[in-house]
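# Per-entry structural report
Listed below are the residues making up each chain.
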Amino acid sequence: MHKDSKYVLFLDDDVRLHPGSIGALTAEMEKNPEIFIQTGYPLDLPSGSLGSYCIYEYHMPCSMGFATGGKTFFLWGGCMMMHADDFRYDRYGVVSGLSDGGYSDDMTLAAIAGAHKQLITSPPVAVFPHPLSSDLSFSRYWNYLRKQTFVLESYVTKVNWIMNRALFSSHCYLSWGFVAPYVMALVHLTAALRAYVKGYRFEETSSTSTGLILVTCLAVCTLTELLSMWNLTRVEVHLCNMLSPEAPQLSLASYNWLLVFIAMLVDNFLYTICAVRSHYSQSINWSGIRYHLKDGKISKIDRNKAMGPKFTDLSGKKLYGKKASPPKGSFVISLAQSLAQWRQPKKYDV
C-alpha cells in the first residue's frame, strides 16, 4: 500500500460494485473512527443450476448483519475496509496473525476483533450482486463447501479455537437437525399411504394421523421459511436496484423457489459430511494451491497449476488462461462421480 494511504480495502475481483461504493465505505470510516473493520455482503444471483442455489442458500445467513443496526460479528472477505495504520503498526496483531501461518483473512480478523472488543460494521449500501456460474457442477460446489468448512480448522488463539469448535459442532447439529424432520415426514407419508391403500379403519391409524399432523406443521414451517427468504431477497434486490439505477435491473422472477427448498436440504445434509472431511484431511486445494494445516496454522503450501481447476468456484472466469470445455453431465451425475472417487488417493495427497 502507498505510504500515505489512510485505509486498506480487501475486495474480490468479481464483486459488482455500485457507483460510489468505495466512497460510501470511506465516508463511514471517516464518520466513525472507532470502526475497526467495515464489511459488506454478496447477494448471490443463482444461474438456474442446483449448485448455484446451494451457494445462494449457504450465503443467506450472512445477511443477518443487516438486522443488527450495522454492528455485526460476521465478516465477508470479499469486501473489508480497515485503517492502514493497523497494518503499519501491527495493531492487535493483524499482520502477525495473518503472516504467522494465517489461512483465512476474514476469520482471522474477526477473531482478532472479537478478542480485542473492536467494532465491525456493515453499512446498508454494502450489498453487492454476485452472479453465479451457470455450469456449477457438484465438484465445484463441493470444493467451495470444503473451503468454507476448512476455515474452522484454522485458528490464531486458544479462544479462537474454542469458538471454531463451538461453531463446528452447532452447525453440524443444526444442519442435520434441519434435514431430519423431512426424513421423518417422508416416513409418516409413506405409512399414511400404505394405510390408505390397505384400507385400514381410522381407529387403527391413530398414530398415522398424528404423524400427518406433524407433517402439516413441518409444511407450514417450511413455507414460512421460504417466505422469509423471499422477503429478505426482495429487499436486497430492491436495494441493489436503487444503488445501481443505470445497471440492468435485478428481478425475483428468475428465482426458482422449489430449487431453493431442494438446495436447503442438499446443502444442510452435505455440510456435516464436508466438515468432518475437512477436519480429518487438514488440507485443501484452492485453485491449484494446496494448503496444509498443523495446529491451526498453515505449515506447508504446494503450488502446482496442473492440479488446479479450470474455473474459479463461483463465477465462470478461467484460471491460468486454460481453455476449458463445458462440463458434461448433470449436478446429480457429478455428485455420484465425486462420491465414487471419495477415497481414491491423489498423487498430491502424499
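You'll find the structure just up there.
Now for a description of the structure that goes with this document. (Residues numbered from 1 in each chain as written. Predicted model: local features only at pLDDT ≥ 70, side-chain atom pairs only at ≥ 80, totals over all residues. Heavy atoms only, no water.)

Before going further, it helps to examine a nonpolar patch on the surface. Residues Leu9, Leu11, Leu17 and Ile22 make up a contiguous nonpolar surface patch of about 280 Å² in total accessible area. Tracing the chain through its elements places leucine 9 in strand β1 (residues 7–11). We classify leucine 9 as partly exposed; its relative accessible area is 32%. (Patch = residues over 30% accessible without salt bridge, like charges linked within 9 Å, V, L, I, M, F, W, Y side chains within 5 Å. Areas by Shrake-Rupley, 256 points an atom, 1.4 Å probe, with all protein chains shown as cover. Salt bridge = Lys/Arg side-chain N within 4 Å of Asp/Glu carboxyl O. Helix = DSSP H or I, 4+ residues; strand = E, 2+ residues; numbered from the N terminus. Buried < 20%, exposed > 50% of the residue type's maximum accessible area, 1.4 Å probe, protein only.)

Below, the discussion takes up helix α9 (residues 257–281). When the terminal C-alpha atoms of α9 are compared, their 35 Å separation across 25 residues agrees well with the 36 Å that a helix rising 1.5 Å per residue should span. Tyrosine 271 marks the point of greatest bend in α9, at about 30°. Taken together, the buried positions of α9 are Leu259, Val260, Ala263, Met264, Asp267, Asn268, Leu270, Tyr271, Thr272, Cys274, Ala275 and Ser278. Backbone geometry just downstream of α9 places glutamine 282 in the positive-phi region, at approximately 55°. (Expected span 1.5 Å × (residues − 1). Bend = angle between axes of the 7 residues up to and from the residue.)

Scanning the entire structure with this criterion turns up 7 salt bridges. Ionic pairing is found between aspartate 4 and lysine 3, a salt bridge with its closest N-O pair at 3.3 Å. For the pair aspartate 4 and lysine 3, a shared accessibility class is recorded, and that class is exposed.

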